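Single-letter residue listing:
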Amino acid sequence: MKVIIMGCSRVGARLAELLYRDGHQVTILDVKAESFRRLQQDFGGTALLGSGMDEAVLRRAGIETADAFITATQGDNRNIMAAQVARHIFNVPRVVCRIYDPLRRDLYSELGLETISSTTIVAQMIKEELTG
Amino acid sequence: MYIIIVGGGRLGHNLAKSLISQSYEVLVIEKDPGLVERINAELGSVALVGDGCEGKMLESAGARRADIFISLTGEDEDNLVACQIAKHHFNIPRTIARLLDERNEPLFKKLGIDVTINSTNIILEYIKHELPSPPVMHLLKGLEKDFEVVDITVPSSAQTVGSRVAELALPEGVILALIIRRDRTPLVPGTETLIEAEDQVIAVTRPDDEPSLRAALTGK
């Protein structure tokens, strides 16, 4: 599978490594070169400097033939806009969008994005851990 | 008519001022408390500190009864998301977004933002208007898909000077709304109105007809 990840955050970098280790073709984008320091030495995918909201950068990352696009920056709105570019302009088959704000998560899943709210998931897990 | 503006910088501040003077009900949502204080000091309590993309903020701002939602922040992604939340979660009928990077315009249109305003393009149009051999200036381009309002100045050398409006080869459907004479007198043209040198013509046209409209008016 050919995967593009936007945002070399801790989550982005970790996901890139996991997918790479499973044999997928991975390209990770970030607007800051220093973010790529989060990648392990043995990461063999592509790290590309540029914004995942910029169509030219996305083309360079090979979005036209990508199977999946994942947004993992710290900014909800950046993630949402890039995910909608991938979905509606480039018709990427699977687009997964990280959204912290639960309201925005609900709204955009209604609008057809696959969304993940780490806020909701982590809160739920901690609650289950505590109350079992 | 209740209008919510997101972004209280110079643009949002001046828009609020102008809308309030026209007796609209206006609320400005701005993250920076300093800007909010400045707006409230001048215009009364019309601005709130907050994030225009936060559901709770919009709920408490009475977004459900708003008629128009205008997002004017300096980031395209914030304007896009604010307008989408306004439209889809709060069912606000009309959403207007400031666009900084014009390459994003097709995406905004596709995602249902009613109007996009690109300030750079507007400034460029104005500058072009001040250059010799005045081209067509777009006054309201993009507000509606099907027509635009343009401003064309008739050069002194144009063959059309001295013609009656009825004699102009105007494209079908074009409306000449206003003529401003060289001495700045405005008049609503009829079929018998004579075109004079340096008339400034304000017309409504379909975008495709713009070149033939210009040709009909300037003889070029």
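Residues numbered from 1 in each chain as written. Chains lettered and ligands numbered in written order. Predicted model: local features only at pLDDT ≥ 70, side-chain atom pairs only at ≥ 80, totals over all residues.

This part covers the overall build of chain A. Across its full length, chain A holds five helices and six strands. Starting at the N terminus, the α and β elements of chain A follow one another as β-α-β-β-α-β-α-β-α-β-α. By the compact-globule yardstick of 14 Å for 132 residues, chain A fits well, its C-alpha radius of gyration being 15 Å. With the principal axes as the frame, chain A shows a C-alpha extent of 45 × 35 × 25 Å. Going through the 132 residues of chain A one by one, you find that 40% of them count as buried. Look at the contacts in chain A between residues 6 or more apart in sequence, and 47% of them connect residues 24 or more apart. (Helix = DSSP H or I, 4+ residues; strand = E, 2+ residues; numbered from the N terminus. Rg over C-alpha atoms; globule rule 2.2 N^0.38 Å. Buried ≥ 20, exposed ≤ 12 C-beta atoms within 10 Å, placed from the backbone. Contact = placed C-beta atoms within 7 Å.)

We now examine the overall build of chain B. Along chain B, the regular secondary structure elements total seven helices and 11 strands. By its C-alpha atoms, chain B is 60 × 35 × 30 Å across when sized along the principal axes.

What follows covers the packing of helix α3 (residues 76-89) of chain A against helix α4 (residues 76-88) of chain B. The angle between the axes and the distance between the axes are what describe a pair of packed helices. For the pair α3 of chain A and α4 of chain B, interaxial distance at closest approach is 9 Å and the crossing angle is 80 degrees. With respect to their mutual orientation, α3 of chain A and α4 of chain B come out roughly perpendicular. Side by side, α3 of chain A and α4 of chain B meet where Asn77, Arg78, Ile80 and Met81 of chain A of the first sit next to Glu77, Asp78, Leu80 and Val81 of chain B of the second. (Axes fitted to C-alpha atoms, helices over the stretch in contact; angles between N-to-C directions. Parallel < 35°, antiparallel > 145°, perpendicular 65-115°, else oblique.)

Let's shift gears to the confidence of the model for chain A. Considering every residue of chain A, the mean pLDDT works out to 94; 100% of them sit at 70 or more. Ranking the helices and strands of chain A by mean pLDDT puts strand β1 (residues 2-6) of chain A first, with 98, and helix α5 (residues 118-131) of chain A last, with 89. (pLDDT = per-residue confidence, 0-100.)

What follows concerns the sheet that holds strand β2 (residues 25-30) of chain B. Residues and elements named next belong to chain B. Across the sheet, which stays open at both edges, the six strands sit in the order β3-β2-β1-β4-β5-β6 with parallel pairing between neighbours. Looking at strand neighbours, the two that pair on one side only are β3 (47-49) and β6 (115-117), the edges of this open sheet. Direction aside, the axes of adjacent strands within the sheet are offset by 20 degrees on average. The pairing of β2 with β3 spans three bridges and is parallel. Bridging across to β3, Val28 finds its partner in Ala47. Against the sheet, α4 touches β1 (2-6), β4 (68-71) and β5 (94-98), its axis set at about 175 degrees to β5. (Pairing = 2+ DSSP bridges.)

All names here are of chain B. Judged from the five bridges that link them, β1 and β2 form a sheet pairing that is parallel. Among the inter-strand pairings, Ile4 is bridged to a residue of β2, identified as Leu27. Assessed by its sense of winding, the connection that carries the chain from β1 through helix α1 (residues 10-21) to β2 is right-handed. You can see the chain leave β2, run along helix α2 (residues 33-43) and come back into β3, and the turn it takes is right-handed. (Right-handed = clockwise from strand over helix to strand, strands pointing away.)

A separate point is the interface of chain B and chain A. The interface is formed by 13 residues belonging to chain B together with 13 residues belonging to chain A. Elements with a contribution of two residues or more to the side of chain B that touches chain A: α4 and α5 (105-110) of chain B. Among the elements that make up the side of chain B that touches chain A, the one with the highest residue count is α4 of chain B (six residues). Its residues assigned to classes, the side of chain B that touches chain A shows six nonpolar, three polar and four charged. (Nonpolar A, V, L, I, M, F, W, Y, C, P; charged D, E, K, R; others polar.)

Right, let's talk about the sheet that holds strand β11 (residues 200-205) of chain B for a bit. The strands making up a sheet are joined through hydrogen bonds of the backbone, oriented either antiparallel or parallel. Taken in spatial order, the five strands of this open sheet run β7-β8-β11-β9-β10 (chain B), and their pairing is antiparallel. One side of each edge strand has no neighbouring strand; the edge strands of this open sheet are β7 (137-138) and β10 (186-187) of chain B.

Partitioning chain B into domains gives domain 1 (2-119) and domain 2 (129-218). Distance between the C-alpha centres of domain 1 of chain B and domain 2 of chain B: 34 Å. (Domains from an automatic or database assignment.)

Turning our attention to helix α7 (residues 210-218) of chain B. Residues and elements named next belong to chain B. Within α7 the residues assigned to the buried category are Leu213, Ala216, Leu217 and Thr218. On the buried face of α7, the contacting elements are β8 (148-153) and β11. Downstream of α7 by one or two residues, Gly219 has phi in the positive range, about 75 degrees.

Moving on, we get to the nonpolar core. Counting 68 residues, the largest nonpolar core has Ile4 and Ile5 of chain A together with Ile4 and Ile5 of chain B as its most contacted members. Apart from the residues lying within four places of it in its own chain, the contact partners of Ile5 of chain A are Gly12, Leu15, Ala16, Val26, Ile28, Leu29, Ile70 and Ala72 of chain A. Among the nonpolar cores identified, the runner-up in size contains 12 residues, and Val150, Leu176, Ile179 and Ala203 of chain B belong to it. (Core = buried A, V, L, I, M, F, W, Y, C linked by C-beta atoms within 7 Å.)

Next up on the list: the pairing of strand β5 (residues 94-98) of chain A. All names here are of chain A. Sheet topology places strand β4 (residues 68-71) next to β5; four bridges connect them, and they run parallel. Of the residues in β5, the one forming a bridge with Ala68 is Arg94. Since β4 and β5 lie parallel, the crossover through α3 that links them has a hand, and here it is right-handed. In this sheet, strand β6 (residues 114-116) lies alongside β5 in parallel orientation, the contact comprising three bridges. Each residue of the ladder has a partner; that of Cys97, found in β6, is Thr115.

Turning our attention to unusual backbone geometry. Residues and elements named next belong to chain B. Although it is not a glycine, Asn91 adopts a positive phi angle of roughly 55 degrees. Of note, Asn91 is situated in the loop between α4 and β5. On the basis of neighbour count, Asn91 is assigned to the exposed category, with 10 C-beta atoms found within 10 Å. Of note, Arg184 is a non-glycine position whose phi angle comes to about 70 degrees, a positive value. You can see Arg184 is positioned in the loop between β9 (175-180) and β10.

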